[in-house]
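Architecture at a glance
The chain contents come next:
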Amino acid sequence: MNKGNIIDYKLFTGNAHPELAQEIADILGKPLAKATVKKFSDGEVFTCLEESVRGYDCFIIQPTCGPVNDNLMEICVMIDAMKRSSAARINVVMPYYGYARQDRQAHPREPITSKVVADILMAVGADRVVTMDLHAAQITGYYNIPVDHLYGMPILADYFLKNPVEDLVIVSPDHGSVSRARKFAHYFDAPIAIIDKRRPRPNVSEVMNIIGDIQGKNCIMIDDMVDTAGTLCNAAAALIKMGAKSVRACATHAVLSGPAIDRLKDSVIEELVLLNTMPVPEEKRIDKIKVLSVAPLFADCIKRIYNNDPISPIIAE
């Protein structure tokens, strides 16, 4: 299909999450375009597109998960290669947006690193960014190009609607996630509770109080990501201690760094449902963890972008 000067579209991926890229490609019925993305012996990133992109709508499917800097650099050099090869449009499909937690100056003399990432992607020539469940929605305002912000909540809600939990309370693990918990609770017509915590330093949290009635209830906590799992496990223990019957949890991004898996193994959390916006290695897929795919949603979004169809019907919380 010819759209002005756009011939067709091509899908590319780097080394961050080729499995997700392949799943998206399979749904769209498109092969992944051939590209060499590797490192020199000193760690420098090298990219070479192995087929023409002249006049094509190009999509780079690459989350900026760990190693964050390497995966971000792969995106940048792929964009530059496409720009120099006369691609019609360059779309960065970034299911997980690295540095999203550094979205503001929490203390004097701190950087706003998520804005730095936006500046870099625009400077090298990205025409559009597609991402999911940003830590802070205002990050979209750091861009002067279109940003499609997708949400994983409908996928998570659908799972629990198909596997219903009785006497349900949706729990926000902190004050920052209250809006997310309220929207999630709407799917089940359930009440919410809030964990009142303080964070004395990064990746460390302490539960101070629980706001809401969780006595004898089955709780589902929802968050945007699980990193070291300290917040999640501490909150779950506090819920049980305060009289909850059971605790489940769900989140979009499975960062699962450091002691996360050991903490989850030893926690009172019965089930943790995550999305595959980044790879979840087999050694981290313990019995408690269920991983759902975002590929159908991103495939639909890519198809809509290429066809110049509205994205709003699939952007729902």
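Higher on the page you've got the structure.
Heads up: these notes are all about the structure in this document. (Residues numbered from 1 in each chain as written. Predicted model: local features only at pLDDT ≥ 70, side-chain atom pairs only at ≥ 80, totals over all residues. Heavy atoms only, no water.)

1. Topic: the sheet that holds strand E1 (residues 9-13)
Hydrogen bonds along the backbone pair up the strands of a sheet, which may run parallel or antiparallel. Strand order in the open sheet formed by 5 strands is E1-E4-E5-E6-E7, and the pairing between neighbours is parallel. A single partner strand is all that each edge strand has here, and the edge strands are E1 and strand E7 (147-150). Ignoring strand direction, the axes of neighbouring strands in this sheet form an average angle of 15°. One ladder, built from 4 bridges, connects strand E5 (residues 89-94) with strand E6 (residues 128-132); its direction is parallel. (Pairing = 2+ DSSP bridges. Helix = DSSP H or I, 4+ residues; strand = E, 2+ residues; numbered from the N terminus. Axes fitted to C-alpha atoms, helices over the stretch in contact; angles between N-to-C directions.)

2. Observations regarding the environment of Leu232
Structurally, Leu232 is set in helix H6 (residues 230-241). Linking Leu232 and Leu272, residues 40 residues apart in sequence, is a C-alpha distance of 10.0 Å.

3. Some remarks on the nonpolar core
Of all hydrophobic cores here, the largest spans 44 residues; its most connected members are Ile24, Leu150, Phe160, Ile170, Phe184 and Ile302. Among the elements that take part in this core, helix H8 (residues 295-306) stands out by supplying 8 residues, more than any other. Residue contacts for Ile24: discarding those within four places in its chain leaves Ile61, Ala295, Phe298, Ala299 and Ile302. Listed in part, the 32 residues of the second largest apolar core include Val171, Leu256, Leu272 and Val280. (Core = buried A, V, L, I, M, F, W, Y, C linked by side-chain atoms within 4.5 Å. Buried < 20%, exposed > 50% of the residue type's maximum accessible area, 1.4 Å probe, protein only. Contact = heavy atoms within 4.5 Å.)

4. Here's the deal with the packing of aromatic side chains
In this structure the tally under the stated criterion is 8 aromatic pairs. On the basis of an interplanar angle of 55° and a centroid distance of 5.6 Å, the ring pair of Phe40 and Phe46 is categorised as tilted. Taking the relative accessible area as the measure of exposure, Phe46 reaches 31% and is therefore partly exposed. With centroids separated by 6.5 Å and ring planes inclined at 55°, the aromatic side chains of Phe184 and Tyr187 adopt a geometry described as tilted. Feature note: the residues Tyr159, Phe160, Phe184, Tyr187 and Phe188 constitute an aromatic cluster, connected by ring pairs. When the ring centre of Tyr56 is taken as reference, the NZ or CZ atom of Lys10 above it lies at 4.4 Å. (Phe/Tyr/Trp six-rings, centres within 6.5 Å; stacked < 30°, edge-to-face > 60°. Lys NZ or Arg CZ within 6 Å of the ring centre and 35° of its normal.)

5. So, the pairing of strand E2 (residues 35-39)
Note on strand geometry: in a regular strand, side chains alternate between the two faces of the sheet. Pairing of E2 with strand E3 (residues 45-49), which is carried by 5 bridges, proceeds in the antiparallel orientation. Bridged to Thr36 within E3 is Cys48. Counting the residues that bridge the hairpin from E2 to E3 gives 5 residues, and of these Gly43 lies at a positive phi of roughly 100°.

6. Some thoughts on the pattern of salt bridges
According to the stated counting rule, one finds 14 salt bridges in the structure shown. A salt bridge links Lys30 to Asp8; the nearest nitrogen and oxygen atoms lie 3.0 Å apart. Of this pair, Lys30 sits in the loop between helix H1 (18-28) and E2 while Asp8 sits in the segment before E1, placing them 22 residues apart in sequence. Between Asp119 and Lys115 there is a salt bridge whose closest N-O contact spans 2.7 Å. In this pair, Asp119 and Lys115 are both assigned in helix H3 (residues 113-124), 4 residues apart and thus about one turn of the helix distant. A relative accessible area of 34% means that Asp119 is categorised as partly exposed. (Salt bridge = Lys/Arg side-chain N within 4 Å of Asp/Glu carboxyl O.)

7. As for unusual backbone geometry
Most peptide bonds take the trans form, and the phi angle of most residues other than glycine is negative. Between Gly66 and Pro67 the backbone carries a cis peptide bond, its omega angle lying at -5°. Among the structural elements, Pro67 can be located in the loop between strand E4 (57-61) and helix H2 (68-84). The phi angle at Asp167 is positive, at roughly 50°, despite the residue not being glycine. You can see Asp167 is positioned in the loop between helix H4 (153-162) and strand E8 (168-172). Its relative accessible area of 41% is what places Asp167 among the partly exposed residues.

8. Considering the packing of H1 against H8
Relative to each other, H1 and H8 sit at 60°, their axes nearing to 9 Å. When the axis of H1 is compared with that of H8, the two are oblique. At the point where H1 passes H8, the crossing takes the right-handed sense. Contacts between H1 and H8 involve Leu20, Glu23, Ile24, Ile27 and Leu28 from the first element and Ala295, Pro296, Phe298, Ala299, Ile302 and Lys303 from the second. Looking at the contact of H1 with H8 residue by residue, the class counts come to 9 nonpolar, no polar and 2 charged. (Parallel < 35°, antiparallel > 145°, perpendicular 65-115°, else oblique. Left-handed = near helix turned anticlockwise from the far one by under 90°. Nonpolar A, V, L, I, M, F, W, Y, C, P; charged D, E, K, R; others polar.)

9. Some points on helix H5 (residues 178-186)
Burial in H5 covers these residues: Val178, Arg180, Ala181, Phe184 and Ala185. Viewed end-on, H5 has its buried residues packed into an arc of 160°, placing them on one side of the element. (Arc of directions from axis to C-beta.)

10. Here's the deal with the environment of Lys115
Classification of Lys115 by relative accessible area gives partly exposed; the value is 30%. Considered as a pair, Lys115 and Tyr99 are 16 residues apart in the sequence and their alpha carbons are 9.0 Å apart. Separated by 2.7 Å, the side chains of Lys115 and Asp119 make a polar contact. (Polar contact = N/O pair within 3.5 Å; in protein donor to acceptor, adjacent residues only side chain to side chain.)

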